[in-house]
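Coordinates in review
If you want the building blocks of each chain, they are given just below.
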Amino acid sequence: MKAPGNRPRTSRVVVIGAGIVGCSLADELTARGWTDVTVLEQGPLPAPGGSTSHAPGLVFQTSPSKTLTEFARYTVEKFRSLDVDGVSCFHRVGGLELATTPERLADLHRRAGYAAAWGIRGEIVGTARCKELWPLLDESVVLGGLHTPDDGLARAVLAARAQMDRATARGARFLDRHTVTGIEQHGGRVTGVVTDRGAFPADHVVSAAGFWGPVIGRMAGVDVPLQPLAHQYARTQPLPELAGATAEASRPILRFQDRDLYFREHTDRIGIGSYAHRPLPVDPFAVPAYDAARARDMEMPSSYPFTAEDWAPSWEDCRELLPALRDAQIETGFNGVFSFTPDGMPVLGEARRLRGFWLAEAVWVTHSAGVAKAVAEWMVEGRPSVDVHECDLTRFEEAQRSPAYVRERGSQQFVEVYDVLHPLQPMQRPRPLRVSPFYARQQQLGAFFLEGTGWERPHWYEANAPLVDALGDLPERDAWSARYWSPIAAAEARATREQVALYDMTPLRRLEVTGRGALAFLDRMTSNNLRKKPGAVTYTLLLDETGGIRSDLTVARLAPDRFQVGANSPADLDWLLRHAPADVGIRDITAGTCCIGVWGPLARDLVQPLTRDDFSHAGFGYFRAKQTYVGHVPVTAMRLSYVGELGWELYTTADLGLRLWDTLWEAGQHLGVIAAGRSAFNSLRLEKGYRAWGTDMTDEHTPFEAGLGFAVRGDKEDFVGGAALARAEEPVRRLTPLLLDDPAAVVLGKEPVYVGGRPAGYVTSASYGYTLGRCVAYAWLPAGLTAGTGVHVEYFGEKVPATVADEPLFDPEMSRIRR
């Protein structure tokens, strides 16, 4: 995100695309005083032929993503307040998601938990209630449902028109029949937009072009990782069972996710959408313009011919669920084009290499007004009021931006729209994409790999299976929490606590910051004191101007003007590059380097014989760095621990990584060294209370709320976010550690937490603490809850007792790390 700085009171803005996102953005910008807004549209208004023009309008607010749910909530609230000629832009008929299998019914309980966690009204209902809400159902195939009474139908074209009228009244202009042909720029800034009917100067340009986003992006030299796909939608002929209906819809919007279908009423007809068919990718550069589409007998550019052969299996599924359709026929159908990204999230934000050029792409009607509000806040005020890191255009790694990757993953996102997905479930293709130098050795040890940001990440090693026998009985897991888990993780955690283990930390991002101004720059950009001698390592925070946590970092001063920064995401690099002065160089060194975490009480016994340098506690203190050799391998050693045990992170270049692994492995055999995976790692870090940025805290949270006040140097002046923290009031919420009361109970994250019988917060991270014999969960809860307070965590509809605990839960004296 951009820092607010001295922002202009108003700017010339050109928005490309007058679909629901472009119109919503024009309304949000003009409402904030930026009234010099021009919206360019290649088709005719008010229905120019993009995805908005054919959208069936179903809005289910609940999502596993808190951010998407916030976007949807605002969209519903806003559209309910809008009307055109007395017709509301939102029809609140409620939503009903059906279960016809036990697995789906369990998943609906999980989704009900999301609803409770994010503040959306919803309840699990039985078969009879489902039948009452939708009388056309064959109740014999329905096991239950999730009813969300505040969901409904967005009238997208009306909502676009209503916001267009409001923005126009404030000074915006909307110009249809203007095809963008180029983006003008000078000195790394956007300066205007060229169309077939003239040029428009601009200080800011926003691409809200929908599935044409990659086309506009190419004109600007900005990558837009978006894949358009066609999705089938059909309407039946009038049904006798709906004869006499006058309202557009009176029953809830309906999901039959076990067959990848959804339904809505169109007065006396039923509209049906299907995700069950094969992916139908569309080349955005080949989509015809409006008039060309009409000339091909297409209703609009986004409406491709209906492929009956793809529809046939879904039609049989429809007739099974709704017997009234058994004698019905399809009256009309089309394959509607809309946008998917590799992770299914929108693409938002300003391009660093072309300042003033913004993306608001891959946004569905469901989230449209919420996205527009966030982007408008970002542009006018410098940051959105909600966390958008999941949507930030910088989030994709370079390896995730290839056209082949975007097409393959975007197509898979279409396939998985209604699938029951486990939070740890990895993508299957393309794999392997990114591997550490240790990959071959990990395979030999039977690593079970999951995937993150393209990296293959071992979660446990089958070679450690014999260690499980020594653990005794572990609590049995339910089927859901047992997926992507093995008792081997418990054995690896124990070995780390009692002996020594090697952890592959290569996927963690590493930046090199150099130059005469490097110290002053990093000290200004972060919250802790970095003015220490070379060899010091500091845990610190990247904050925004409001004091929100953009990221947490470890900064090692390796030389007077050279630093190695342990960061989280590509957004950290982007943020630092945006602010770096000319005398500071920053580069991402992750791909060319690797890292092994050597942790456990025997870590010193393993490493010390391999080096001439002193690795004693006196000679190599905690949070210190040293450049040395381990065997034949030059390394940067940092005495850090993310698992709460003695040890070092050892960094070297990728070409020497395998030699480093083999050196440590061979030297550690007499100590019982093992390789350990991410599953054990997550358990150990939660026992110690170590936070994970993006999961436990984001820029919605301040250090004092997140329990990271120790990383803010109170006497430090003039750092980003410092002034806001100085003005901050006492926190009203805190990241709170919980221990589940039942030793056999497990939760996984994002569950609602109840205090006094009412939803009061939600779980961020959770894992079984094998050392503690309890599941550890961290949750955002009201401040003031003291240790010993009883709460309940809802897991698949069951209220699981838990207790607020003091932290750290393990080794509060830090004696194990500092030995």
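Below is a short write-up of the structure.

Points about the packing of helix 1 (residues 20–31) against helix 6 (residues 156–169)
At a minimum axis distance of 8 Å, the contact between helix 1 and helix 6 shows a crossing angle of 30 degrees. The pairing of helix 1 with helix 6 is recorded here as roughly parallel in orientation. By crossing handedness, the relation of helix 1 to helix 6 is classed as left-handed. Across the interface between the two elements, Ile-20, Cys-23, Ser-24, Ala-26, Asp-27 and Thr-30 of helix 1 pack against Ala-156, Ala-159, Ala-160, Gln-163, Met-164, Arg-166 and Ala-167 of helix 6. Of the residues assigned to the contact of helix 1 with helix 6, the class counts are 8 nonpolar, 3 polar and 2 charged.

Thoughts on the pattern of salt bridges
For the structure shown, the criterion picks out 58 salt bridges. Arg-32 is the salt-bridge partner of Glu-377, the closest N and O atoms lying 3.8 Å from each other. Highlighted residues: Glu-377 in helix 10 (residues 368–381) and Arg-32 in the loop between helix 1 and strand 2 (37–40), separated in sequence by 345 residues. A relative accessible area of 6% means that Glu-377 is categorised as buried. The partner of Lys-66 in a salt bridge is Glu-70, with the nearest N and O atoms 4.0 Å apart. A residue pair is termed a helical-turn pair when its members lie 3 or 4 positions apart in one helix, as Lys-66 and Glu-70 do in helix 3 (residues 66–80) at 4 residues. Residues joined by salt bridges that share partners form a network here, namely Asp-27, Glu-28, Arg-32, Lys-78, Arg-166, Arg-170, Lys-373, Glu-377 and Glu-381.

A closer look at helix 18 (residues 678–688)
Helical periodicity: at 3.6 residues per turn, an α-helix aligns residues three or four positions apart in one direction. Most of helix 18 sits inside the fold, with 9 of its 11 residues counted as buried. Along helix 18, the residues that are buried comprise Ser-679, Ala-680, Phe-681, Ser-683, Leu-684, Arg-685, Leu-686, Glu-687 and Lys-688. Gly-689 lies just past helix 18 and shows a positive phi near 80 degrees.

Brief notes about helix 4 (residues 102–118)
In this model, helix 4 (17 residues) spans 25 Å end to end at C-alpha, consistent with the 24 Å of a helix rising 1.5 Å per residue. Counting buried positions along helix 4 yields 12 of 17 residues, so the element is predominantly enclosed. Positive phi shows up at Gly-119, right after helix 4, with a value of about 85 degrees.

Describing empty space enclosed by the protein
Tallying each qualifying case throughout the model produces 4 cavities of 30 Å³ or more. Size it by volume and the largest cavity reaches roughly 100 Å³. As for the largest cavity, its lining consists of 13 residues, of which Pro-458, Tyr-503, Asp-504, Met-505 and Arg-678 are closest to the centre. At the level of secondary structure, the elements contributing two or more residues to the lining of the largest cavity comprise strand 25 (455–461), strand 26 (501–504) and helix 18. Here the lining of the largest cavity takes 4 residues from strand 25, the largest share from any one element. Class assignment of the residues belonging to the lining of the largest cavity gives a composition of 8 nonpolar, 1 polar and 4 charged.

Details of the layout of surface pockets
Looking at the second largest pocket, its volume works out to about 710 Å³. Looking at which element gives the most residues to the lining of the second largest pocket, the answer is helix 15 (residues 570–579), with 4 residues. Split by residue class, the lining of the second largest pocket holds 13 nonpolar, 4 polar and 11 charged.

Structural notes on the nonpolar core
Counting 50 residues, the largest nonpolar core has Leu-29, Phe-71, Phe-79, Phe-174 and Leu-348 as the members making the most contacts within it. Those elements giving two or more residues to this core turn out to be strand 1 (13–16), helix 1, strand 2, helix 3, helix 6, strand 23 (357–361) and helix 10. No other element matches the 9 residues that helix 10 contributes to this core. In contact with Phe-71, other than residues within four places in its own chain, are Leu-348, Thr-366, His-367, Gly-370, Val-371, Ala-374, Val-386, Val-388 and Cys-391. Membership of the second largest hydrophobic core comes to 45 residues, among which are Ala-501, Tyr-768, Ala-777 and Val-791.

Observations regarding unusual backbone geometry
In the segment running from Arg-429 into Pro-430, the intervening peptide bond is cis, with an omega of -10 degrees. Structurally, Pro-430 is set in the loop between helix 11 (403–415) and helix 12 (439–444). Positive phi values are uncommon outside glycine, yet Thr-267 reaches one of about 60 degrees. Structurally, Thr-267 is set in the loop between strand 18 (261–266) and strand 19 (269–274).

Details of the sheet that holds strand 10 (residues 152–154)
Pairing within the open sheet is antiparallel, and its 3 strands lie in the order 3-10-6. Of all strands in the sheet, those bounded by a partner on one side alone are strand 3 (58–59) and strand 6 (90–91). Of the strand pairs in this sheet, strand 3 and strand 10 are connected by 2 bridges, and their pairing is antiparallel. Bridge pairing in strand 10 places Val-59 opposite Gly-152.

As for the pairing of strand 12 (residues 180–186)
Examined bridge by bridge, strand 12 and strand 13 (residues 189–195) share 6 bridges and lie antiparallel to one another. Among the inter-strand pairings, Val-180 is bridged to a residue of strand 13, identified as Thr-195. Counting the residues that bridge the hairpin from strand 12 to strand 13 gives 2 residues, and of these Gly-187 lies at a positive phi of roughly 60 degrees.

Calculation rules
- Residues numbered from 1 in each chain as written.
- Predicted model: local features only at pLDDT ≥ 70, side-chain atom pairs only at ≥ 80, totals over all residues.
- Heavy atoms only, no water.
- Axes fitted to C-alpha atoms, helices over the stretch in contact; angles between N-to-C directions.
- Helix = DSSP H or I, 4+ residues; strand = E, 2+ residues; numbered from the N terminus.
- Parallel < 35°, antiparallel > 145°, perpendicular 65-115°, else oblique.
- Left-handed = near helix turned anticlockwise from the far one by under 90°.
- Contact = heavy atoms within 4.5 Å.
- Nonpolar A, V, L, I, M, F, W, Y, C, P; charged D, E, K, R; others polar.
- Salt bridge = Lys/Arg side-chain N within 4 Å of Asp/Glu carboxyl O.
- Buried < 20%, exposed > 50% of the residue type's maximum accessible area, 1.4 Å probe, protein only.
- Expected span 1.5 Å × (residues − 1).
- 1 Å grid on protein atoms, 1.4 Å probe; cavity = no way out; pocket = protein on both sides within 12 Å on 5 of 7 lines; lining within 4 Å.
- Points joined across faces, edges and corners; volume = space filled by probe spheres on them.
- Core = buried A, V, L, I, M, F, W, Y, C linked by side-chain atoms within 4.5 Å.
- Pairing = 2+ DSSP bridges.

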